[in-house]
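One-letter residues, chain by chain:
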Amino acid sequence: MKELKAFFTKTPTGGIFLALILVCALFSSMTSRFLTTTNLSVILNQVSVNAILAFGVTFVIIAGGIDLSLGSLVAVCGVVVALLSQNNEYGLWIAVIGTLVAGLALGALNGIIVVLTKVPPFIVTLGTMTIGRGVALILSKGRPISDLNESLNFLGNGDLFGIPIPILFLVLSYATCHILLTKTIFGRYVKAIGGNEMASYVAGVRVNRIKLYVYMISGLFAALAGILLTARINTGQPNAGLGFELDAIAAVIIGGTSTRGGKGTITGTLLGVLFIGVINNGLDLINVSAYWQQVIMGGIIILAVVLDGLYQKLKMNI
Amino acid sequence: MKLKYVLFAFILFVGFSCGEKKSDKIIIGVSMLSMQNEFIQQVADALEKSAATNQVELIIVDAERSSLKQVEQVESFISQQVDAIILNPCEFEASSPAVDKAKKAGIPIVNVNSSTKSKPDAFVGSDDAESANMAMELIAKKLGGKGNILMIQGYMGQAAQLDRERGAKTVLAKYPGLKLLASQTGEWDRAKSMALMENWIQSYGDQIQAVFAQNDEMALGAYEAAKSAGKNIIIVGFDGSQDGLKSVQNGQLSATVAQQPDLIGEKAIEASKQIANKQTIPAQIAVPLKLITK
């Protein structure tokens, strides 16, 4: 009991964790179909793409930046992996690694423009978002790319030891990002430059280099998300990923990462992602009208963040 | 330094004015709803192909789903004094000003595929409600008039979604044995519809007998989800897109209602050419639909 209390009061993610439990309790009281192992596995499977995107962009946001090009990067990388694995021309690994490299390069492009031009990242990535969408359309000639390698489909819909592969990717990405952020010097630098860029620079942190790296991380995970999405729906689509950046950024913020940079956790992001995923799933299960779904979704998100704020204040007083 | 800019501007100016030489060919301005949609893309391809054989020149622009942009595009067609305009409207109400403006400027305008509140000189396309009717009738027949159905809708509030819903519901009203378990939006998107179908399989499981999706993309998403869950469900799509047709051929989707983009494009070019040449044409040019089954 003591530990439980400590968890809720000490960890920065306690508030959103509480909110997540509340919505879960709400949905399971409304339908018996919610709290089943298959449904929970369905939810994890569905959130994997958003989770992987959100993990990557958490670094960017903690470092005080933003990446609006995520959705377009997903589309470009989704199309690239589809083109590379069409008609079995190359092996699966070449397609996957080629796409990850492409994602890294596109992320680096974001980073280089941000660092060199000093233009706010909001504008830079808004620009690359539009460019990316265009590139995806050019590469695919505006059409969905189908007839993909069977082994790619396996990445999206198969399972290993009874666990769906997208969930394995989710867990691996979580572990990697969590360790990178909390256990390495790089992670400390990311928080430092997000907290106070000037001070970090004076203290000898290579600010530009770290900034470049965070955009590359974001690009790399966007590529992974693009691969999984293409694998899941078995086609590369130039219009895939529309608005994904908003879901990912929303998850990061719901998870308690400050939009002003400097602080945040990967665990928080994961909880934010699950929160959005659970609401999406639950609203379908209880069959809320399509018109009302969006209203309720938006309302719950605002409510969760407001409650989290209140909770943080309360915690200070304990 | 300054001289350089002046020179540059001059070259630009000369360059542009060279390009503006008017040919004696008929010029048609085309504003399409969204080139990111496979079906619209097919109509656009057909327009271009038919323009080449009919010796007319096309200026095709993409409204990117924005009716405001669409109106602006039509305004610029008017100032370019094109001979006719082909409009693939974004919205029923909001794209209407484009039609009004063209008519006021005396430029003939032909609507393609969806309609606007203001009446154009001609409409070329198929009736969405009637086609949804065909799809639902097929499901009713396959289920023997009795069973549970799910409907995946397009973007809520768009003309295509409203018409297809209306068409489907008239059939449902006709067969009291058919029950609509749920209907939600899949936003015309394959991934979204796959997630929706997964959720439905969780809540309705084996009760689900058939799915009507308002386009092929969403039908294919539903199919992927059903396949992963090992469920055998009748899924009927809409549009007859390349992927959709292939899937019907492979016995995955049960059927799709094919609009005929090639024919729509061809008839639209013919109509606007005739109208630009001051010939009279019928106000409604219906392009027939085909129910495609294996």
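Residues numbered from 1 in each chain as written. Chains lettered and ligands numbered in written order. Predicted model: local features only at pLDDT ≥ 70, side-chain atom pairs only at ≥ 80, totals over all residues. Heavy atoms only, no water.

A. Region of the structure containing the overall build of chain B. The secondary structure content of chain B amounts to 10 helices and 12 strands. Over its C-alpha atoms, taken along the principal directions, chain B stretches across nearly 75 × 50 × 30 Å. A total of 294 residues make up chain B; the buried ones form 56% of that total. In chain B, of all internal contacts separated by at least 6 residues, the share reaching a separation of at least 24 is 70%. A total of about 13300 Å² of accessible surface is found on chain B, and carbon and sulfur atoms cover 54% of it. Put simply, chain B has 31 plus and 33 minus side-chain charges, and the middle of one group is 1 Å from the middle of the other. (Helix = DSSP H or I, 4+ residues; strand = E, 2+ residues; numbered from the N terminus. Buried < 20%, exposed > 50% of the residue type's maximum accessible area, 1.4 Å probe, protein only. Contact = heavy atoms within 4.5 Å. Areas by Shrake-Rupley, 256 points an atom, 1.4 Å probe, with all protein chains shown as cover. Lys, Arg positive; Asp, Glu negative; His and termini not counted. Charge placed at Lys NZ, Arg CZ, Asp CG, Glu CD.)

B. Spotlight on the packing of helix H3 (residues 37–62) of chain A against helix H11 (residues 207–233) of chain A. Residue and element names in this part refer to chain A. Between H3 and H11, whose axes approach to 7 Å, the crossing angle comes to 170 degrees. Considered as vectors, H3 and H11 are oriented roughly antiparallel to each other. Two secondary-structure elements touch here, H3 through Asn45, Gln46, Val49, Ile52, Leu53, Gly56, Val57, Phe59 and Val60 and H11 through Val214, Tyr215, Ile217, Ser218, Phe221, Ala222, Leu224, Ala225, Leu228, Leu229 and Arg232. When the residues that make up the contact of H3 with H11 are grouped by side-chain class, the tally is 15 nonpolar, four polar and one charged. (Axes fitted to C-alpha atoms, helices over the stretch in contact; angles between N-to-C directions. Parallel < 35°, antiparallel > 145°, perpendicular 65-115°, else oblique. Nonpolar A, V, L, I, M, F, W, Y, C, P; charged D, E, K, R; others polar.)

C. Representation of the interface of chain B and chain A. Facing 32 residues of chain B, the contacting portion of chain A comprises 32 residues. Buried surface at the junction of chain B and chain A, summed over both partners, amounts to about 2700 Å²; 42% is from carbon and sulfur atoms. The interface formed by chain B and chain A includes two salt bridges. Residue assignment for the side of chain B that touches chain A shows that the elements contributing at least two residues are helix H2 (38–54), strand S7 (178–185), helix H7 (190–204), helix H8 (216–228) and helix H9 (242–249) of chain B. Looking at the side of chain B that touches chain A element by element, the count peaks at 11 residues for H7 of chain B. Residues that form the side of chain B that touches chain A fall into these classes: 11 nonpolar, 12 polar and nine charged. (Buried area = accessible area lost by both parts, 1.4 Å probe. Salt bridge = Lys/Arg side-chain N within 4 Å of Asp/Glu carboxyl O.)

D. Representation of the side chain of Asn148 of chain B. Residue and element names in this part refer to chain B. Within the fold, Asn148 resides in strand S6 (residues 147–153). Taking the relative accessible area as the measure of exposure, Asn148 reaches 18% and is therefore buried. Polar contacts involving the side chain of Asn148 include one to the main-chain carbonyl oxygen of Gln207, which spans 3.1 Å. When sequence neighbours within four positions are dropped, the list of residues in contact with Asn148 reads Lys179, Leu181, Gln207, Ile208, Gln209 and Ala210. (Polar contact = N/O pair within 3.5 Å; in protein donor to acceptor, adjacent residues only side chain to side chain.)

E. Fine view of a nonpolar patch on the surface. A grouping of Ile302, Leu303, Val306, Leu307 and Leu310 of chain A is seen on the molecular surface, where their side chains present a nonpolar patch of about 490 Å² in accessible area. Looking at where Leu307 of chain A falls in the secondary structure, it is placed in helix H14 (residues 290–317). (Patch = residues over 30% accessible without salt bridge, like charges linked within 9 Å, V, L, I, M, F, W, Y side chains within 5 Å.)

F. Molecular detail of the side chain of Lys211 of chain A. Relative to the helices and strands, Lys211 of chain A resides in helix H11. Beyond its immediate chain neighbours, meaning those up to four positions away, Lys211 of chain A contacts Val115, Ile193 and Glu197 of chain A.

G. View of the sheet that holds strand S4 (residues 109–112) of chain B. Residues and elements named next belong to chain B. Strand order in this open sheet of six strands is S2-S1-S3-S4-S5-S11, and the pairing throughout is parallel. With one partner strand each, in any of the chains shown, strand S2 (56–62) and strand S11 (284–286) form the two edges of the open sheet. Averaged over neighbouring strand pairs, the angle between their axes works out to 20 degrees when direction is ignored. As paired strands, S4 and strand S5 (residues 122–125) are joined by three bridges and run parallel to one another. Looking across to S5, one finds that Val110 is bridged to Ala122. Running over the sheet, H2 touches strand S1 (26–32), S2, strand S3 (84–87) and S4 and is turned about 160 degrees from S2. (Pairing = 2+ DSSP bridges.)

H. Spotlight on unusual backbone geometry. For Asn287 of chain A, which is not a glycine, the phi torsion comes out positive at approximately 55 degrees. Within the secondary structure, Asn287 of chain A is located in the loop between helix H13 (266–285) and H14. The exposure class assigned to Asn287 of chain A is partly exposed, which follows from its relative accessible area of 27%. Within the chain, Arg65 of chain B stands out as a residue other than glycine whose phi angle is a positive 65 degrees. In this fold, Arg65 of chain B is placed in the loop between S2 and helix H3 (67–79).

I. Region of interest: the packing of H3 of chain A against helix H12 (residues 244–254) of chain A. Residues and elements named next belong to chain A. Relative to each other, H3 and H12 sit at 65 degrees, their axes nearing to 8 Å. Between H3 and H12, the interaxial angle falls into the category roughly perpendicular. For the crossing formed where H3 meets H12, the hand is right-handed. Packed against H3, whose contacting residues are Val49, Asn50, Leu53, Ala54, Val57, Thr58 and Ile61, the element H12 presents Phe244, Asp247, Ala248, Ile249, Ala251 and Val252 at the interface. Here the contact of H3 with H12 is built from residues that sort into 10 nonpolar, two polar and one charged. (Left-handed = near helix turned anticlockwise from the far one by under 90°.)

J. Layout of the pairing of strand S8 (residues 210–213) of chain B. Residues and elements named next belong to chain B. What you see with S8 is no split at all: Ala210 and Phe212 on one side and Val211 and Ala213 on the other are buried throughout. The pairing of S6 with S8 spans four bridges and is classified as parallel. Bridged to Ile149 within S8 is Ala210. With three bridges joining them, S8 and strand S9 (residues 234–239) adopt parallel strand pairing. Among the inter-strand pairings, Val211 is bridged to a residue of S9, identified as Ile235. Considered for its hand, the β-α-β crossover made up of S8, H8 and S9 is right-handed. (Right-handed = clockwise from strand over helix to strand, strands pointing away.)

K. A look at the nonpolar core. In terms of nonpolar packing, the biggest core is built from 98 residues, with Phe275 of chain A together with Met197, Trp200, Ile208, Val211 and Ile235 of chain B touching the most fellow members. Ignoring anything within four residues of it in the chain, the contact list for Trp200 of chain B reads Asp284 of chain A together with Leu150, Met151, Ile152, Ala182, Ser183, Gln184, Gly205 and Ile208 of chain B. Counting residues in each nonpolar core, the second largest holds 31 residues, with Met35, Ala84, Ala268 and Ala276 of chain B among its members. (Core = buried A, V, L, I, M, F, W, Y, C linked by side-chain atoms within 4.5 Å.)

L. The arrangement of the pairing of S9 of chain B in detail. Residues and elements named next belong to chain B. Counting buried residues along S9, six of its six residues qualify, which places the element largely inside the surrounding structure. Pairing of S9 with strand S10 (residues 255–258), which is carried by four bridges, proceeds in the parallel orientation. What sits directly across from Val236, in S10, is Ala255. Handedness of the S9-H9-S10 crossover: right-handed.

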